[in-house]
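# Examination of the molecular architecture
Residue strings, one per chain:
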Amino acid sequence: MTASVDKLNPRGDWRPDSWQDRPAVQQPTYPDPDALVQVLRKLTSLPPLVTSWEVNALRSQLARAAAGDYFVLQGGDCAESFDECQSSIISNRLKILLQMSLVLVHGLKKRVVRIGRFAGQYAKPRSTDTETRGDVSLPSYRGDNINKSEFTAEARIPDPQLLASGHAHAAMTLNFVRALVDGGFADLHHPEYWDLDFVKHSPLAAEYQRMVASISDSLKFMETLAGSKLGEIDRVNFYTSHEALHLHYEQAQTRQVPHQAGWYNLATHFPWIGMRTADAKGAHVEYCRGIRNPVGIKVGPGMTADWLRQLVEILDPENEPGRLTLIHRFGADAVGDHLPALIDAVRGTGRCVLWMSDPMHGNTETTRDGYKTRRFDNILRELTTSFDVHTDNGSHLGGVHFELTGEDVTECIGGARGLAEVDLKRAYRSQVDPRLNYEQALEMAMLIVRKNQNGS
Ligand code: PEP
Ligand code: CO
């Protein structure tokens with residue numbers, strides 16, 4: 001191999017399509033493979049959704065979080081839907097993430113890296129290939145990029161045109177997010193721009209407003225001292241993330257760019273490998289091995305120390321700061337049993353990873369009425385236990401990963417308003433996993449701060 005090839009492809013025998021030589025689970029089978037080829041050809045030629053500079057900037061910020069200087073907030077829908085690509089839903093999601101990050105910055109006294117589970121979270125891994133209702137079984141819904149959620153045989157057929165539509169919806173979402181953020185929506189001088197109307201009626205309103213007032217006072221004080229407006233404050237960054245699940249889609253957006261070595265996935269800043277696709281010899285790990293983006297891996301109860309060690313070595317061969325984020329999701333009762341050995345195993349590799357907690361996916365249950373839900377108390381308990389386990393094992397938790405929405409949905413039980421099982425039917429809208437509503441999400445941010453201030 002020549003030196004110039006090495007520079008372009010520092011990861012040796014990797015190619016954007018080398019994953020195709022490995023077993024690829026959770027991939028749809030299209031009835032018309034030629035139609036898929038046509039769509040992928042088009043996707044390959046479209047402009048990217050993000051840039052390599054942004055990807056590199058995020059990698060540096062994740063490195064700061066791994067070092068304990070920054071804290072990461074990652075959140076959004078379990079699965080975005082094309083129907084919900086609407087201005088108010090997008091801006092409300094941005095608002096709740098901004099509010100949570102404000103609470104975290106203020107309480108933790110750290111900069112917060114904001115990563116949306118948005119602008120591309122359109123493909124879902126499923127535990128079973130079929131869904132049964134009564135005596136009818138159909139292929140499972142796999143996200144709007146693959147098939148439709150209606151329970152008809154027609155809707156569940158994978159359609160490659162949906163990939164093109166997914167790319168367009170991701171572009172529209174990101175365009176709106178960028179315009180809002182660049183236009184001053186996220187300006188700390190104007191927190192009223194991103195007040196969610198319903199927060200006024202929330203049991204948490206007073207605490208939140210007190211904090212906003214205190215930030216405004218500090219800002220005025222600093223600006224009086226400095227004699228000028230603090231410029232950085234009126235701009236915040238949002239990064240995008242989605243599960244790198246549909247590998248043909250991801251490959252079509254994998255590009256080389258001038259003046260940078262290697263290959264970038266330019267469909268998102270931060271792709272992650274889901275728990276069901278984390279086989280060290282599998283296609284998803286092979287694909288992610290070669291891209292320059294920072295990469296997340298979900299770590300669940302089935303993961304052994306050996307397996308995780310292999311993943312860390314394959315995905316971060318050079319111990320590159322910010323490259324790897326391990327997002328653990330064990331469940332409130334299991335995290336204390338599983339996490340210490342894994343922290344130890346990763347330490348043994350000498351790699352400096354960022355640890356995050358996803359307190360959602362290990363705490364899913366089904367009610368007697370058949371609603372998939374999660375209890376606020378279990379989510380919080382997994383989080384607080386995770387903070388403690390890291391501290392007790394000489395590590396630290398550098399971020400949190402939530403499924404949440406800026407809407408007033410009733411999908412998770414509990415929180416300050418005490419949502420009960422009977423309330424779930426009022427506004428249960430998720431097609432996949434239950435999300436924290438705006439109020440539960442804001443409360444969670446406040447409780448993270450309380451935990452870090454009091455240790456309880
Ligand atoms: C998810 O994040 O929606 C998900 C499916 O998570 P996991 O891979 O951890 O189960
Ligand atoms: Co989910």
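Predicted model, so just to flag it, every value in this text is computed and none were measured. (Residues numbered from 1 in each chain as written. Chains lettered and ligands numbered in written order. Predicted model: local features only at pLDDT ≥ 70, side-chain atom pairs only at ≥ 80, totals over all residues. Heavy atoms only, no water.)

## Observations concerning helix 5 (residues 161-182)
Taking 1.5 Å per residue, 22 residues should reach 32 Å; helix 5 reaches 32 Å between its end C-alpha atoms and fits that length. Every buried residue of helix 5 is listed here: Leu162, Leu163, Gly166, His167, His169, Ala170, Thr173, Leu174, Val177, Leu180 and Val181. The arc that holds every buried residue of helix 5, seen down its axis, measures 165 degrees, which confines them to one face. More than 90 degrees from the buried face of helix 5, the exposed residues found are Asn175 and Asp182. Of the residues trailing helix 5, Gly184 is marked for its positive phi of about 105 degrees. (Helix = DSSP H or I, 4+ residues; strand = E, 2+ residues; numbered from the N terminus. Expected span 1.5 Å × (residues − 1). Buried < 20%, exposed > 50% of the residue type's maximum accessible area, 1.4 Å probe, protein only. Arc of directions from axis to C-beta.)

## A few points about the site of ligand 1
Around ligand 1, a shell composed of Cys78, Arg117, Lys124, Pro125, Trp272, Gly274, Met275, Arg276, Lys298, Arg329, His361 and Glu403 is seen. The separation between an oxygen atom of ligand 1 and a polar side-chain atom of Arg276 is 2.9 Å. The contact in question runs from an oxygen atom of ligand 1 to an N or O atom on the side chain of Glu403, over 3.1 Å. Computed on the free molecule, ligand 1 has an accessible area of 300 Å², of which 98% lies beneath the protein chains in the complex. When grouped by side-chain class, the residues that make up the shell around ligand 1 number four nonpolar, two polar and six charged. (Near = heavy atom within 4 Å. Polar contact = N/O pair within 3.5 Å; in protein donor to acceptor, adjacent residues only side chain to side chain. Areas by Shrake-Rupley, 256 points an atom, 1.4 Å probe, with all protein chains shown as cover. Nonpolar A, V, L, I, M, F, W, Y, C, P; charged D, E, K, R; others polar.)

## Some remarks on the pairing of strand 14 (residues 399-403)
Most of strand 14 is tucked away: five of the five residues are buried. Residues Gly399, His401 and Glu403 of strand 14 are buried on one face, and the alternating residues Val400 and Phe402, pointing to the opposite face, are buried as well. Where strand 1 (residues 70-76) lies against strand 14, five bridges are found, and the strand directions are parallel. By the bridge assignment for strand 14, Gln74 is matched with His401. (Pairing = 2+ DSSP bridges.)

## Quick word on the coordination of the cobalt ion (ligand 2)
Each protein donor to the cobalt ion (ligand 2) is listed here as Cys78 (SG), His361 (NE2), Glu403 (OE) and Asp433 (OD); together their distances run 2.1 to 2.4 Å. Summarised as a motif, the one-chain spacing of the donors to the cobalt ion (ligand 2) is C-x282-H-x41-E-x29-D. Taken together, the positions of Glu403 in strand 14 and Asp433 in the loop between strand 14 and helix 12 (438-454) put the pair 30 residues apart, joining distant regions of the chain. Taken individually, Glu403 and Asp433 each receive the classification buried, so the pair is uniform in this respect. (Donors = N, O, S within 2.8 Å, 3.2 Å for Na, K, Ca; no water.)

## Let's talk about the confidence of the model for the protein
The pLDDT averaged across the protein works out to 93; a share of 95% of its residues lies at or above 70. At the low end of the mean pLDDT range in the protein sits helix 1 (residues 3-8), at 42; at the high end sits strand 10 (residues 324-328), at 99. Scored below 50 in pLDDT, residues 1-8 shows eight contacts in the model against residues more than four places distant or in partner chains. (pLDDT = per-residue confidence, 0-100. Contact = heavy atoms within 4.5 Å.)

## Thoughts on the nonpolar core
As a rule of thumb, soluble globular proteins bury nonpolar side chains together. The biggest cluster of nonpolar side chains holds 94 residues, and the ones touching the most others in it are Leu104, Tyr208, Leu308, Leu326, Trp355, Phe402 and Leu436. In terms of residue count, helix 4 (residues 87-108) provides more of this core than any other element does, ten residues in total. Ignoring sequence-local partners within four residues, the contact set of Leu326 consists of Ile297, Val299, Leu308, Val312, Val346, Val353, Leu354, Trp355 and Met356. (Core = buried A, V, L, I, M, F, W, Y, C linked by side-chain atoms within 4.5 Å.)

## So, the packing of helix 4 against helix 6 (residues 205-226)
Two elements in contact, helix 4 and helix 6, have axes separated by 11 Å at closest approach and are oriented at 65 degrees. Remark: the crossing between helix 4 and helix 6 carries left-handed chirality. Where helix 4 abuts helix 6, its residues Gln99, Leu102, Val103 and His106 lie against Tyr208, Met211, Val212, Ser214 and Ile215. Classifying every residue of the contact of helix 4 with helix 6 by side-chain character gives six nonpolar, three polar and no charged. (Axes fitted to C-alpha atoms, helices over the stretch in contact; angles between N-to-C directions. Left-handed = near helix turned anticlockwise from the far one by under 90°.)

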